[in-house]
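# Geometric and topological summary
Each chain, written out:
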Amino acid sequence: MPQHKIFILDDERDIGEYIAAVAKMNDFESHYFFKADDFFTAIASTPLACVAVDLQMPCLDGIEVLRRLAEMQFRRPIIIMSGMDLKVLESARHFARANKLTVSDIVSKPVRVEELNRVFARLKANAHLPPTKADFVEAMARGEFSLHLQPKVAIQPDHGGPKGYRPVGFEGLVRWISPAKGLVMPDSFIPQIMAAGLSAQLSDLVFDLALATLGAWKEKGIAASLAINMSASDVEDVALADRLWNRCAGTGIDHQRITIEITETAAMEHPETALDVLTRLRLRGFSLSLDDFGTGYSSLVQLQRLPFAELKIDRSLISDSISSKQTQIIVKAIIDLGHNLGLNVVAEGVEDEETLELLRKCGCDLVQGYLVSRPLSPERAEAWWLEHGGPRD
Ligand code: C2E
Ligand code: MG
Ligand code: MG
């Protein structure tokens with residue numbers, strides 16, 4: 001049974017160790033911290049079930065502890081421990097709530113073992129505990145991750161057909177079908193996978209799913225390209241191109257059909273390493289797309305140096321482009337910039353005809369969005385391709 005982690009911060013060693021021991025007896029993996037800085041560094045990189053913090057420490061007062069947790073956007077339950085009077089503790093609870101923190105329990109000192117047992121039992125019964133690293137490893141081994149596919153269509157020139165666009169390919173978006181939680185969307189589990197140090201494992205798995213999808217399409221003559229998303233840590237792995245290339249070996253798949261999407265933020269974080277990693281991917285024949293453009297901070301010089309073939313305008317800009325003249329000017333400027341740098345430009349998150357027409361007028365090459373189709377299961381994606389006259393081999 002995988003264990004849930006709890007981190008405990010208390011400046012009194014005997015109390016901290018005692019709470020850690022009771023947590024262990026309740027099947028938690030507990031770690032006790034004496035120094036606040038070590039505690040905060042550790043939480044930043046570990047998926048946790050919850051924390052227990054002392055509100056009365058000589059180096060850092062309790063409100064400061066809560067403020068730092070709020071700044072980190074800590075969203076797990078917090079157990080507050082303190083010898084202060086109940087009124088002060090209730091004020092701390094209000095402060096926490098106002099800062100979007102969840103105080104699950106207030107335990108007054110001296111702490112009694114029966115009370116701690118009750119608190120831990122309640123936590124375990126709470127279905128919202130986050131998955132542990134072991135949960136993810138098991139979920140991957142059990143094949144609980146799959147790709148849903150969202151069509152990408154060309155809108156230039158106007159094809160005149162009923163919708164005026166032409167299918168080009170799909171973007172594969174990962175989904176976790178958990179037996180306990182049902183369908184889990186990437187925004188809620190990818191940060192946890194990254195924090196668990198499993199992002200390379202996820203990317204390899206997604207890449208293998210993409211190869212399997214292309215294999216199935218090859219059999220059926222579906223000539224679609226397929227884009228997949230990689231995370232920031234992949235762009236820091238200088239062996240990424242070889243890692244992916246080796247996975248293609250012997251599959252008989254034309255890997256030139258695969259586009260790798262990397263967010264603007266990930267590509268610009270370590271520009272020198274990104275240049276190395278991305279150039280090697282290009283040399284291996286993978287196509288590259290700069291995702292969520294317009295939300296991060298790009299250096300235009302970097303943009304021109306990095307070997308992208310495609311730029312995807314973030315959906316936050318697209319959704320505002322009808323209502324805001326300013327945003328429209330920015331979108332048009334991005335399309336022109338992309339074209340001047342020799343890039344294909346994709347708009348993501350297109351939800352209505354009016355936006356599609358505006359983008360067509362601005363010269364945008366491709367679109368993705370609910371207007372065309374939501375992400376589809378692999379079977380529905382194949383049917384969509386055939387219904388919409390997508391190219392066949
Ligand atoms: P993204 O790569 O920018 O993907 C587009 C997201 O926008 C998808 O959400 C998609 O379902 C959603 N979307 C598409 N059209 C529309 C629309 O018209 N309106 C609205 N409101 N939303 C639309 P999803 O699938 O939840 O993915 C969220 C993000 O998770 C992705 O953003 C990507 O950054 C990340 N992600 C997805 N799959 C993977 C993966 O396999 N690996 C990694 N590292 N990240 C992934
Ligand atoms: Mg993407
Ligand atoms: Mg995107």
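Residues numbered from 1 in each chain as written. Chains lettered and ligands numbered in written order. Predicted model: local features only at pLDDT ≥ 70, side-chain atom pairs only at ≥ 80, totals over all residues. Heavy atoms only, no water.

### Regarding helix α2 (residues 36-44)
Our working rule: Burial here depends on accessible area, computed with a 1.4 Å probe over protein chains only, as a share of the maximum for the residue type. Under 20% is buried, over 50% is exposed, and the range in between is partly exposed. A run of H or I in DSSP counts as a helix once it spans at least four residues, and a run of E counts as a strand once it spans at least two, with each numbered from the N terminus. Arc definition: it is the arc formed by the directions from the helix axis to the C-beta atoms. Residues count as neighbours in contact if any of their non-hydrogen atoms are within 4.5 Å of one another.
Those residues of α2 not exposed but buried are A36, F39, F40, A42 and I43. Buried residues in α2, looked at end-on, bunch into an arc of 165°, giving them a common side. Away from the buried face of α2 by more than 90 degrees, exposed residues T41 and A44 are located. Packed against the buried residues of α2 are β1 (4-9), β2 (28-33), β3 (50-54) and α3 (62-71).

### Observations concerning the coordination of the magnesium ion (ligand 3)
To keep it simple, the criterion reads: The donor set covers N, O and S atoms within 2.8 Å of the metal, switching to 3.2 Å for Na, K and Ca, and it leaves out water, so a site may look short of donors.
Coordination of the magnesium ion (ligand 3) by the protein involves D291 (OD), D292 (OD), E348 (OE) and E348 (OE), with metal-donor separations of 2.0 to 2.5 Å. Here the magnesium ion (ligand 3) and the magnesium ion (ligand 2) are spaced 4.0 Å apart, linked through D291, which binds each one. Linking D291 in strand β11 (residues 287-293) with E348 in the loop between β13 (344-347) and α15 (353-361), this pair joins segments that are 57 residues apart in sequence. Its relative accessible area of 5% is what places D291 among the buried residues.

### Topic: the nonpolar core
The test is simple: For this analysis, a nonpolar core means a set of buried residues of the types Ala, Val, Leu, Ile, Met, Phe, Trp, Tyr and Cys, connected via side-chain atoms within 4.5 Å.
Among the nonpolar cores identified, the biggest contains 75 residues, and F145, F170, I260, L281, I313, L359 and V367 are the most heavily contacted of them. In terms of residue count, helix α8 (residues 199-220) provides more of this core than any other element does, eight residues in total. With near-sequence residues (within four places) excluded, V367 lies in contact with P151, K152, V153, I155, V346, A347, V350, L356, L359 and V372. If you look at the next biggest cluster of nonpolar residues, it comprises 27 residues, including L69, I80, L89 and A92.

### Examining the state of the cysteines
What counts here: Two cysteine sulfurs form a disulfide in these notes if their separation is within 2.5 Å.
All chains considered together, the criterion is met by zero disulfides. Distance from the sulfur of C364, which forms no disulfide, to the nearest cysteine sulfur (C362) is 8.3 Å. The exposure class of C364 is buried, given its relative accessible area of 0%.

### Description of the sheet that holds β1
Worth spelling out the cut-off: Strands qualify as paired when DSSP identifies two bridges or more between them. Angles here are taken between N-to-C directions and fall from 0 to 180 degrees, while the axes themselves are lines fitted to C-alpha atoms, restricted in helices to the stretch in contact.
Taken in spatial order, the five strands make up an open sheet running β2-β1-β3-β4-β5, and their pairing is parallel. Because the sheet does not close on itself, it has two edges, and the strands there are β2 and β5 (102-108). For this sheet, the mean angle separating the axes of adjacent strands, direction not counted, is 20°. Pairing of β1 with β2 involves six bridges; the strand directions are parallel. What sits directly across from I8, in β2, is Y32. Contacts from helix α4 (residues 86-98) reach β4 (77-82) and β5, with the element oriented near 165° to β5.

### Quick notes on the coordination of the magnesium ion (ligand 2)
Distances from the magnesium ion (ligand 2) to its protein donors, E171 (OE), N229 (OD1), E261 (OE) and D291 (OD), fall at 2.0 to 2.2 Å. Counting gaps between the donor residues of the magnesium ion (ligand 2) yields the pattern E-x57-N-x31-E-x29-D.

### Some points on the pattern of salt bridges
Applicable threshold: The salt bridge criterion pairs a side-chain nitrogen of Lys or Arg with a carboxyl oxygen of Asp or Glu, the two atoms within 4 Å.
Applying the stated rule across the entire model yields 27 salt bridges. K109 serves as the salt-bridge partner of D54, at 3.3 Å between the closest nitrogen and oxygen. Of the two residues, D54 sits in strand β3 while K109 sits in the loop between β5 and α5 (113-125), which places them 55 residues apart along the sequence. For K109, a relative accessible area of 16% corresponds to the buried category. For E138, the salt bridge is made with R142, and the minimal N-O distance between the two is 3.5 Å. For E138, a relative accessible area of 35% corresponds to the partly exposed category. Connected through shared salt-bridge partners, D204, D208, D234, D237, R243 and R247 make up one network.

### Topic: the domain arrangement of the protein chain
The condition that has to hold: An automatic or database domain assignment provides the domain bounds reported here. Buried area adds together the accessible area that both of two parts lose upon being put together, with accessible area traced by a 1.4 Å probe. Polarity classes work like this: nonpolar for Ala, Val, Leu, Ile, Met, Phe, Trp, Tyr, Cys and Pro, charged for Asp, Glu, Lys and Arg, and polar for all others, with Gly in that last group.
Taken domain by domain, the protein chain holds domain 1 (4-126) and domain 2 (133-387). Opposite the four residues of domain 1 that make contact, domain 2 presents four residues. Buried area between domain 1 and domain 2, both sides added, is near 240 Å², and the carbon and sulfur share of it is 59%. Counting the surface domain 1 buries against domain 2, the share from its top three residues, H4, S45 and P47, is 85%. Here domain 1 and domain 2 share zero salt bridges between them. Residues that form the side of domain 1 that touches domain 2 fall into these classes: one nonpolar, three polar and no charged.

### A few points about the environment of V168
Tracing the backbone through its elements, the reader meets V168 in strand β7 (residues 166-178). A C-alpha to C-alpha distance of 19 Å links V168 and I335, two positions 167 residues apart in sequence. Other than its neighbours up to four places away in sequence, V168 contacts K152, V153, A154, A223, A224, S225, L366 and W385.

### As for the packing of α8 against helix α9 (residues 240-248)
Selection rule: Handedness of each helix crossing follows the sense of rotation of the near helix against the far helix: counterclockwise by less than a right angle gives left-handed, clockwise gives right-handed.
Contact geometry of α8 with α9 gives a least axis separation of 10 Å together with a crossing angle of 35°. Handedness of the α8/α9 crossing: right-handed. Contact with α8, carried on its side by A200, S203, D204, F207, D208 and L211, involves R243, L244, R247 and C248 of α9 and no other residues of that element.

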